[in-house]
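Here is how the chains run, residue by residue.
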Amino acid sequence: MSAPIRLEKPNFRTPWLEGSGGILDPYWQRIFTKQIDLINTQAAQIETLANKVAALEQYNIDHP
């Protein structure tokens, strides 16, 4: 069986968002940054849970 292909998870913080170019109003920049941090945190939690589920499924296969 071949190993699954893993792609690097995106980090949604970008230079456009964090740059000091005055593109975004500071209020909206804070809101976007907070939302992006939450998205990145949830993505990490989802990956951890997916690994735990895969381990449990493999355990169930190995121990019928």
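The paragraphs below set out a description of the structure included in this document. Nothing here was measured: the structure is a model prediction, and the numbers come from that model.

Okay, the overall build of the protein next. Regarding its fold elements, the protein presents 2 helices and 0 strands. The buried share among the 64 residues of the protein stands at 8%. Total accessible area on the protein is roughly 6,000 Å²; 62% of this is exposed by carbon and sulfur atoms.

Let us look at helix α2 (residues 26-62). If you check α2, its first and last C-alpha atoms are 54 Å apart, about what 37 residues at 1.5 Å a residue would give, namely 54 Å. For α2, the full list of buried residues reads T33, I36 and N40.

On the surface, Y27, W28 and F32 cluster together into a nonpolar patch covering about 310 Å² of accessible area. Relative to the helices and strands, Y27 is located in helix α2. According to the relative accessible area criterion, Y27 is partly exposed, its value standing at 45%.

Definitions and cut-offs
- Residues numbered from 1 in each chain as written.
- Predicted model: local features only at pLDDT ≥ 70, side-chain atom pairs only at ≥ 80, totals over all residues.
- Heavy atoms only, no water.
- Helix = DSSP H or I, 4+ residues; strand = E, 2+ residues; numbered from the N terminus.
- Buried < 20%, exposed > 50% of the residue type's maximum accessible area, 1.4 Å probe, protein only.
- Areas by Shrake-Rupley, 256 points an atom, 1.4 Å probe, with all protein chains shown as cover.
- Expected span 1.5 Å × (residues − 1).
- Patch = residues over 30% accessible without salt bridge, like charges linked within 9 Å, V, L, I, M, F, W, Y side chains within 5 Å.
- Salt bridge = Lys/Arg side-chain N within 4 Å of Asp/Glu carboxyl O.

These figures capture arrangement, not role.
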